[in-house]
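Coordinate inspection notes
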Amino acid sequence: MSTTRNRHSCNRLITPQVRRIGGFSMRIAVNDVTPETKRATIIGWVHEIRDLGGLAFLLIRDRTGIIQVTIPKKKISAEVLSVFKEISRESVVRIEGEVKEIEKAPGGRELIPSSIEIISKSESPLPLDVVEKVSAELDTRFDNRFLDVRRPRVSSVFKIRSCILHTVEDSLYKKGFTQITTSKIVGSATEGGTELFPIAYFEKEAFLNQSPQLYKQMMMAAGLEKVLEIGPIFRAEEHNTTKHLNEATSIDVEVSFADHFEVMKLLEDLIVEIYEEVAVSCTAELASLEINNLKIPVAPFPRLTYEEAIGIASGKLAEGANYGDDISTSAERAIGEEIGCHYFIVDWPTSIRPYYAMPYEDRPSVCKAFDLMHPRMELSSGAERVHDYDQLVHQIKEKGLNPDSFSYYLSAFRYGMPPHAGWGLGTERLVATMLGLQNVREAVLFPRDRHRLVP
RNA sequence: GCCCAGGUAGUGUAGCGGCCUAUCAUGUCUGCCUGUCACGCAGACGACUCGGAUUCGAAUUCCGACCUGGGCGCCA
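Keep in mind it's a predicted model, so treat the numbers as computed, not measured. (Residues numbered from 1 in each chain as written. Chains lettered and ligands numbered in written order. Predicted model: local features only at pLDDT ≥ 70, side-chain atom pairs only at ≥ 80, totals over all residues. Heavy atoms only, no water.)

Turning to the overall build of chain A, a few remarks are in order. When helices and strands are counted, chain A shows 14 helices and 17 strands. With the principal axes as the frame, chain A shows a C-alpha extent of 90 × 60 × 40 Å. Burial status across chain A gives 49% buried among its 455 residues. Of the contacts made within chain A by residues no fewer than 6 positions apart, 65% connect residues no fewer than 24 positions apart. Just so you have it, chain A exposes about 23,100 Å², and 52% of that area is on carbon and sulfur atoms. (Helix = DSSP H or I, 4+ residues; strand = E, 2+ residues; numbered from the N terminus. Buried < 20%, exposed > 50% of the residue type's maximum accessible area, 1.4 Å probe, protein only. Contact = heavy atoms within 4.5 Å. Areas by Shrake-Rupley, 256 points an atom, 1.4 Å probe, with all protein chains shown as cover.)

Structure representation (C-alpha cells):
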C-alpha cells in the first residue's frame, strides 16, 4: 500500500468538526491541574452532575483522576449554560476555564468554565452505575465491561496487572532471559491430563495449546538457555469455580543448567520483586482498591514436602487425605490456613506429576516437582525436567501416552539437550491473590469460562 | 460433569398463593434550591426470564427450557 494514498485518504476522513475539537494538544490531565494552573483545558467523562439551582457542580474524570467543575449560573455565559443543560452522565466533554484555588473543592482546586463542548454524548440510562451508588453483579459487569472499567477501582486492577507483567519482563530481561512467543495452534496434546479445545485447521484437526511447556523445553535444545513466555493458555475443563478460567495468561519460564531449587529461588525472588514494585509504583491504584499496606512476602518461602502437606491436611480434615492423592480444594485451604503465607510444596509422588518431571535418582517414586502456593490457591507449578531421551520415552509410556505423537518434541532430546528446569505461573491468580479479588475472573478484562464467550 | 441456591423497573433489591394497581434504593424526567462532595426536597416514569400445568385466584406451587451465582470434581 502506498504511503501517499494512505495520507490522502486519511485527510479526507477529517471532518471540519473533528478539526475544531482537535485541540487535544491543549489538554491537561486532570491530576496535573493544580491551584497554580491558571487556565486549563480538560477532556474527560462526566462522572457526576450536582445541580443546586443557582450553582452546579460537574465531576470530570479521566485516566488520572477526578476534578470538580463549578458553574455559578448567574456569572456564566448563556452559551456555556445551554451546553451544560444538555450534558448527560458519562458523556465525553471538553471544558476550558479558569482554575481557582479553593479549599472546599476536592484537591483544593476547581475549574470555572469559559467554554464547554460535548464531544461524545452518552445515552441514558446507563447499563451499570459507574459511580457505584448501586453495585452490579459480575455478570452485568462483564456484559458491559467497558463501562465497568471506567470505575477507578476496576481500572486499578488492570493498571496493577500491567505493572506486574512489565516487572516480570523487565526483571527477567535484565537476568539474560529471551522472551519468546510460541504457537497457540497445535496438532496434538502436550501434556495429557487437561482437555483441549479442538479447532478446524483447513483439512486437519488442531487444538488450542494448553501450555507452552514443550516449546519452551525445545528452546533449551535450541541453546537459548533462559526463556520467558507470557501468553494465553487454553483449558477445556468444565469447571465452574472462582479460580479457574478456560483462557488464562501464563508466565512461563525455562532455564538450562538449573535444577528445581534454582528455579524455585528465581520464582520466589520474582514474586517478592513484583510485590515490591507494585507497592512502590501503584500507590494510587492500591489506594483506590482500599489496600492500605500491601503485605510483601518474604523470601525464602517455606518448603513443605508433599508428605508433610498431606500430613497437615489429614490432621485438619474430617475426610482425611492420603499419600498419592492430588491435593484437594479443602486440603489446599487447610494447609494454607496452617502456613499463612506463600509456600512451596516439593517432592511430589512421580505418579501424580507429568511425564517430564525428573524423579530423584535415589528415590524414583518421588520427583523434583514443586507447586508455589498462596494460602488461597495454587499459583505456579514447576519442576526439574527429564532431559535424557530414553528416560523421557520411558516415562511417556508409563503415563499411558504414545511417544509417536510426541516425535517432534522428542527429537529435541536426541542431539544435545541440556539439563533444565522451569515453571508456569498463572497471571490471573497472582493478581487475584495479591489484590484480594474474590473471583479470578475479575483479573481478566474479557473472561472466558464455561458459559461466557462474549464480549 | 455432579450438587446447592437463584432469575422481579436501566442497575441492586423486598415480596414467596388473595393484603400486589409489586417494596426500597439508585437512575431518568419535571419543578424548587448558590458550596455540593452518595447534595437535599416534591412529583412523575420504569419490572415479575420463557413455555406448559395446578388453582376460583400464581411474582409466589409443580414440570420443562434458557440464563446466573456458589460448592465439589477435574485442573494451573
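From this point, things continue past the structure.
We now examine the protein's contact with RNA strand B. Looking at RNA strand B, there are 49 residues lining it, with Glu48, Arg50, His244, Leu245 and Glu378 nearest. Among the atoms of RNA strand B close to the protein, meaning within 4 Å, 56% are from sugar or phosphate groups. For RNA strand B, a base nitrogen lies 2.3 Å from a polar atom in the backbone of Leu245. Measuring from a phosphate oxygen of RNA strand B, one finds a side-chain N or O atom of Asp326 at 3.3 Å. Of all the secondary structure elements, the ones that give two or more residues to the surface near RNA strand B are β1 (39-51), β2 (55-62), α4 (138-143), α11 (329-339) and β16 (377-384). By residue number, the principal contributor to the surface near RNA strand B is β1, which donates 3 residues. Tallied by class, the residues present in the surface near RNA strand B amount to 13 nonpolar, 16 polar and 20 charged. (Near = heavy atom within 4 Å. Polar contact = N/O pair within 3.5 Å; in protein donor to acceptor, adjacent residues only side chain to side chain. Nonpolar A, V, L, I, M, F, W, Y, C, P; charged D, E, K, R; others polar.)

Turning next to the layout of surface pockets. Estimates place the volume of the second largest pocket at around 450 Å³. Residue lining of the second largest pocket: 21 residues in total, with Asp62, Arg63, Thr64, Ser155 and Lys159 positioned closest to the centre. Tallied by class, residues from the lining of the second largest pocket come to 7 nonpolar, 6 polar and 8 charged. (1 Å grid on protein atoms, 1.4 Å probe; cavity = no way out; pocket = protein on both sides within 12 Å on 5 of 7 lines; lining within 4 Å. Points joined across faces, edges and corners; volume = space filled by probe spheres on them.)

On to the packing of helix α6 (residues 152-174) against helix α14 (residues 427-435). Where α6 contacts α14, the axes come no closer than 11 Å and their chain directions differ by 120 degrees. Classified by the angle their axes make, α6 and α14 are oblique. Along this stretch, α6 crosses α14, giving a crossing that reads as right-handed. When α6 is examined against α14, the residues Val157, Ile160, Arg161, Ile164 and Leu165 are found in contact with a partner set consisting of Thr427, Glu428, Leu430, Val431, Met434 and Leu435. A breakdown of the residues in the contact of α6 with α14 according to their chemical character gives 8 nonpolar, 1 polar and 2 charged. (Axes fitted to C-alpha atoms, helices over the stretch in contact; angles between N-to-C directions. Parallel < 35°, antiparallel > 145°, perpendicular 65-115°, else oblique. Left-handed = near helix turned anticlockwise from the far one by under 90°.)

Along the polypeptide, Ala221 turns up in helix α7 (residues 213-221). Relative accessible area serves as the criterion here: at 29%, Ala221 is assigned to the partly exposed category. C-alpha separation for the pair Ala221 and Glu86, spaced 135 residues apart in sequence, amounts to 65 Å. Excluding its chain neighbours within four sequence positions, the residues that come into contact with Ala221 are Ala412, Gly416, Met417 and Pro418.

For any pair of aromatic rings, geometry is given as the distance between the ring centres together with the angle between the planes. For the structure shown, the criterion picks out 11 aromatic pairs. Seen in terms of ring centroids, Tyr355 and Tyr409 are 6.5 Å apart; in terms of plane orientation they differ by 70 degrees. Their pairing is edge-to-face. Taken together, the residues span a long stretch of sequence, with Tyr355 in the loop between β13 (343-349) and β14 (359-360) and Tyr409 in helix α13 (residues 407-410) at a distance of 54 residues. Sitting over the ring of Trp348, Arg353 keeps its end group 4.6 Å from the ring centre. (Phe/Tyr/Trp six-rings, centres within 6.5 Å; stacked < 30°, edge-to-face > 60°. Lys NZ or Arg CZ within 6 Å of the ring centre and 35° of its normal.)

Another aspect to go through is the pattern of salt bridges. Within this structure, the stated rule accounts for 31 salt bridges. Linking Glu96 and Arg39 is a salt bridge whose minimum nitrogen-to-oxygen distance equals 3.9 Å. One end of the pair, Glu96, is in strand β4 (residues 92-101); the other, Arg39, is in strand β1, with 57 residues separating them in the sequence. In this structure Glu96 comes out as partly exposed when scored by relative accessible area, which is 27%. Under the relative-accessibility criterion, Arg39 is labelled partly exposed at 46%. Here Glu384 makes a salt bridge to Lys368, at a shortest N to O gap of 3.6 Å. (Salt bridge = Lys/Arg side-chain N within 4 Å of Asp/Glu carboxyl O.)

Attention now moves to the side chain of Glu332. Structurally, Glu332 is set in helix α11. When near neighbours in sequence (up to four residues on either side) are disregarded, Glu332 contacts Lys243, Ile327, Tyr343, Met373, Pro375, Arg376, Met377 and Glu378.

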